[in-house]
Amino acid sequence: MLPVDLPDTVREALLAPLVDQHCHGVRRDDLTRAPFETLISTGGTPAPPGTTHFDTPIGAAIRRWCAPVLDLEPHVAPTVYLARRAELGADEVNRRLLRAAGALTFLVDTGVESGELLSAAELGRFGSAVADEIIRIEQIEQDVAEVAEAALDYTDSLAEELTARAAGAVGMKTVVAHRCGLGFDPSRPARGSVLAAANRRLAEPKEPATDPILLRHLLWTAVDVARERGLPLQVHTGLADGGVGPHLADPSLLSGFIRALQPMGVPVVLLHCYPYHRQAAHLADVHPHVHVDVGPALARGAAGAWRVMDELLELAPFHKQLFGSGSAGVAETCHLGAVFFRRSLGGALKARLDAGEWSAADAARVAHMIGSGNARRVYRL
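To continue, consider helix α4 (residues 78–88). Buried within α4 we find P78, Y81, L82, R84, R85 and L88. End-on view of α4: buried residues confined to an arc of 155 degrees, all on one side of the axis. Among the exposed residues of α4, those pointing more than 90 degrees away from its buried face are T79, A86 and E87. Of the surrounding elements, those touching the buried residues of α4 are α2 (33–40), α3 (57–66), α5 (90–100) and α16 (331–354). One or two steps after α4, the chain reaches G89, where phi turns positive at roughly 90 degrees.

All right, on to the sheet that holds strand β1 (residues 18–23) then. With parallel pairing, the seven strands of this open sheet are ordered in space as β1-β2-β3-β4-β5-β6-β7. Edge positions in the open sheet fall to β1 and β7 (290–292), since each of these has one partner strand only. Within this sheet the neighbouring strands show an average axis-to-axis angle of 25 degrees, counted without direction. Where strand β6 (residues 268–271) meets β7, three bridges bridge the pair, whose relative direction is parallel. Among the inter-strand pairings, V269 is bridged to a residue of β7, identified as H291. Against the sheet, helix α17 (residues 360–378) touches β1, β2 (103–109), β6 and β7, its axis set at about 60 degrees to β1.

Here we take up the side chain of R352. Relative to the elements of secondary structure, R352 occurs in helix α16. Note on R352: relative accessible area 14%, which makes it buried. A polar contact is formed between the side chain of R352 and the side chain of D310, at a distance of 2.8 Å. When residues no more than four places from it in sequence are discounted, the contact partners of R352 are D310, L313, E314, E357 and W358.

A separate point is the environment of A203. Structurally, the position occupied by A203 is in helix α10 (residues 191–203). Its relative accessible area of 61% is what places A203 among the exposed residues. Each C-alpha atom, one on A203 and one on A145, is 9.5 Å from the other, the two residues being 58 residues apart in sequence.

A few words on unusual backbone geometry. Among all residues save glycine, negative phi is the norm, and among peptide bonds the norm is trans. At the junction of Y274 and P275, the peptide bond is cis and its omega measures out at 5 degrees in the coordinates. On the secondary structure map, P275 appears in the loop between β6 and α13 (277–286). Positive phi is not limited to glycine here, since H75 has a value of about 70 degrees. The phi angle at C273 is positive, at roughly 70 degrees, despite the residue not being glycine.

Cut-off values and rules
Residues numbered from 1 in each chain as written. Predicted model: local features only at pLDDT ≥ 70, side-chain atom pairs only at ≥ 80, totals over all residues. Heavy atoms only, no water. Buried < 20%, exposed > 50% of the residue type's maximum accessible area, 1.4 Å probe, protein only. Helix = DSSP H or I, 4+ residues; strand = E, 2+ residues; numbered from the N terminus. Arc of directions from axis to C-beta. Contact = heavy atoms within 4.5 Å. Pairing = 2+ DSSP bridges. Axes fitted to C-alpha atoms, helices over the stretch in contact; angles between N-to-C directions. Polar contact = N/O pair within 3.5 Å; in protein donor to acceptor, adjacent residues only side chain to side chain.

Nothing here speaks to function; it is all geometry.
Here it is, written out as structure tokens:
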């Protein structure tokens, strides 16, 4: 799995148990080819007629790296892979692939609630790991909006519910990039404008919140809770399947909000970031409370993942980088996130070792920091 000729200490550091600081639930049911292919696609849509999502970097990676975990030869045909998957059954497939990731801890975004997905506790049990919860603030807002009867009731309940849910979590997450983009006014909205926005919200409580005023209020309410409880705030950036253009998910648009949070001491973790990982790395370099991961870009880039990792290492301080698979839908994404994190970081470390820029001790220390140590510190694990 790793580049050849790495020093033993570096190899051991790369293969050490990981803290997967951002992942989602995976399907618990047996999947036929059509839904499986949809789940491995970025857009969550079927492949065009006459084509297949196996003809993608992640599709090829599944056949190369996941097939052996299911007792198959590398590069088997998709039909053979899926037949073996069906033969083993969902429980055994999930168990094998989640354990193969080699994670010590999963930090699970529970914002997408579905009976089809493994819960955080089940994910941990299948993966022989500890599982802790990251709460998604927009989902909590949705829950509050659906039962609130008036604007004042809504604002009070929102703060109370965020506080209650945060008590059992190790972090909070926002997908505001999906809702209105990241170029929002970073200031706290005035109470009057919040109440007016809340009245508009309660007219359509089952729809996702998209009002920038309301989303800013939600963010600042979450920040207050995070500061009180010492929790980090994850911010989804980069490519996503939300309703806004990808240019509005550039993390550099968050500069004003990030500066406003700095005196409060709330850690900010910029998730995913690709293709804006250089901007995210710069923010992590400039601001003491900002951290970064590139999430599923490594698994989806597969053999090309080393380029992303190498560029991240060029700019972001090593103590600011975190591993997060961003896995979702199928357990293959969790295993591949770990595989290509280790492979891409291993390749980047080897290049620096071969150039004489780093010592083996330096490389091993960085591998430990990014693989687990930084997450333990940021999330107080």
